[in-house]
Amino acid sequence: MASLPPPPRPSVPPAVSVPVLRYVLALADDLSGAAETACALGGPVHLSLTAADVAESSAAHDLVVDLDTRHLPAAEAAYAVRTALRAAQAGPPRLLYKKVDSQLRGHLAAEAAAYAEGAGAVVIAPALPAAGRTVTGGVVHVNGVPLHCTDGWRAERAAAPRSLPEALSGLPVRTVPLDVVRSEPSALDAEFRRIAESGAHPAPDAETDADLDAVAAAALRLGPGFRLLGSAGLALALGRALVRPAAVTHPPAPAQDRAPLLFVVGTAEPAAVAQIAHLTALGAHHVPLDPADLAAGTVRLPRSAAAPALTVLSIDGSAGLRPGAGRSLSAALGALAAAYPGRPDLVLTGGETARTTLDAMGIRELEPLGEIHHGAVHSRTPDGRRVVTRPGSYGAEDSLLRIAAALRPRLAAAPAAT
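Residues numbered from 1 in each chain as written. Predicted model: local features only at pLDDT ≥ 70, side-chain atom pairs only at ≥ 80, totals over all residues. Heavy atoms only, no water.

Engineer: How do you make sense of the sheet that holds strand β7 (residues 139-142) when you look at a structure like this?
Structural biologist: Pairing between sheet strands relies on hydrogen bonds along the backbone, with the strands arranged either parallel or antiparallel. Ordered by their spatial adjacency, three strands build an open sheet running β6-β7-β8, and the pairing between neighbours is antiparallel. Either end of the sheet is taken by a strand with one partner, and the two such strands are β6 (133-136) and β8 (145-146). As paired elements, β6 and β7 share four bridges and run antiparallel to each other. Its bridge partner being in β7, threonine 134 is matched across the sheet by histidine 141. (Pairing = 2+ DSSP bridges. Helix = DSSP H or I, 4+ residues; strand = E, 2+ residues; numbered from the N terminus.)

Below is the structure:
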């Protein structure tokens, strides 16, 4: 793999007024995050699973691209970001946004360093208040608990970082405290500029959507030399700050109760067990899959004359999962889903599971229609199949039930089979 030399870092440009009309190029590292970002930005949007679309010609919409880098080695993930940025130079001018995981998973340091090449500064704000993820003192908290004290990284090979500067090791980062974020706009602008002129990148604290609104507005005031990097929380703030046509709204599609609805639960989160229980109480057919059998490729779904109306495929995590095995298990789940009879509509939890399933089906783009609940993005494929993607760590106990009710209202309202 040939390396691409980094462009020189420009001097920090003078502040500019916020433009009247601007569109965004957002680069995501997994599919559920890409779909979440596409909805968060709030404008006309194209969601692509093909990195080659970065240079596509239309400038009349946001473009969100899933680079699918979570499973790659860090150097290859950085190369994918760098290559996408170079391709963007051949496309229409857009604001740059890098979507990252609100719990800092993935190749954050490597991808952020590649994303920073050629920028005056990168404004780093992974807070996602709607999901209880906040940043205080440069430390990510999950429902008030420091990230490194939670089990959010139990499926990762490494321990959770204790702070944003630690997570972005190798990239000079300076935290910006809440009192500055909540100060006068001119003071926040001056702090971002001071940090950028020192050769570092600002990482502002944020506990609320209003904090993220202030961060996004400051970056826009300071001009395109300041790139944004964050979770869907910052993408929402960016969407609120930009002036452009709203996304096209779609009337609810008629329920297709005769088509199967397949849930592919690719997360080992403990909450998934309770979420699935709501579906089985509704009468769904649940197929828990042994991780060893999945990895060995020995799982075969039972064949029947007709697929059940609701089916759930999930990984049985009761015995624990081997850290780093996520991609191979997701790929095996995706292959099973692709072979499922009856051309089902899909509910896919976990970004890797969503991507490997759509890859197995040859689906290369999605049209986002809206959110069923926070993070649960309802999309349509080019051939009309309906797909809901949701990060694995999201959702209350009734998350999957709410999705079933949105896609199959009559089934969800019917009494469970006995």
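Alright, that's what it looks like, and here's the rest.
Engineer: Help me out: how do you make sense of the nonpolar core in this one?
Structural biologist: The biggest cluster of nonpolar side chains holds 96 residues, and the ones touching the most others in it are Phe192, Leu238, Leu294 and Leu358. No other element matches helix α7 (residues 209-222), which puts seven residues into this core. Apart from residues lying up to four places away in sequence, phenylalanine 192 is in contact with Val123, Val176, Pro202, Pro204, Val215, Ala218, Leu222 and Phe226. One finds Leu261, Val265, Leu310 and Val347 within the second-largest nonpolar core, a separate group that totals 18 residues. (Core = buried A, V, L, I, M, F, W, Y, C linked by side-chain atoms within 4.5 Å. Buried < 20%, exposed > 50% of the residue type's maximum accessible area, 1.4 Å probe, protein only. Contact = heavy atoms within 4.5 Å.)

Engineer: Explain unusual backbone geometry here, please?
Structural biologist: Glycine aside, negative phi is the norm for most residues, and most peptide bonds take the trans geometry. The phi angle at aspartate 68 is positive, at roughly 55°, despite the residue not being glycine. Among the secondary structure elements, aspartate 68 is positioned in the loop between β3 (62-66) and α2 (74-88). Assessed through its relative accessible area of 10%, aspartate 68 is described here as buried. The phi dihedral of asparagine 143 is positive, around 50°, even though this residue is not glycine. Looking at the element boundaries, asparagine 143 is found in the loop between β7 and β8.

Engineer: Sorry, what's going on with the confidence of the model for the chain here?
Structural biologist: Close inspection of predicted coordinates is inappropriate in any region flagged by low pLDDT. Averaged over all residues, the pLDDT of the chain equals 87, while 86% of them reach at least 70. Per-residue pLDDT stays below 50 along residues 13-21; that stretch engages in 18 contacts with residues further than four places along the chain or on separate chains. (pLDDT = per-residue confidence, 0-100.)

Engineer: What should I look at first to understand the layout of surface pockets in this one?
Structural biologist: Empty space among the atoms becomes apparent when a probe as large as a water molecule is rolled across them. Its volume calculated, the second largest pocket comes out at about 460 Å³. Taken together, 27 residues line the second largest pocket, and the ones lying closest to its centre are Leu85, Ala88, Arg94, Leu96 and Arg227. Taken together, the elements giving at least two residues each to the lining of the second largest pocket come down to α2, β4 (95-99), α7 and β11 (226-230). With four residues, α2 is the largest single contributor of residues to the lining of the second largest pocket. (1 Å grid on protein atoms, 1.4 Å probe; cavity = no way out; pocket = protein on both sides within 12 Å on 5 of 7 lines; lining within 4 Å. Points joined across faces, edges and corners; volume = space filled by probe spheres on them.)

Engineer: Can you help me understand empty space enclosed by the protein in this one?
Structural biologist: The tally for this structure, following the rule as stated, stands at one cavity of 30 Å³ or more. Roughly 40 Å³ of internal volume is contained in the largest cavity. Around the largest cavity, the lining residues are Asp29, Lys98, Val100, Asp101, Arg105, Gly106, His107, Leu108 and Glu111. When its residues are assigned to classes, the lining of the largest cavity shows two nonpolar, two polar and five charged. (Nonpolar A, V, L, I, M, F, W, Y, C, P; charged D, E, K, R; others polar.)

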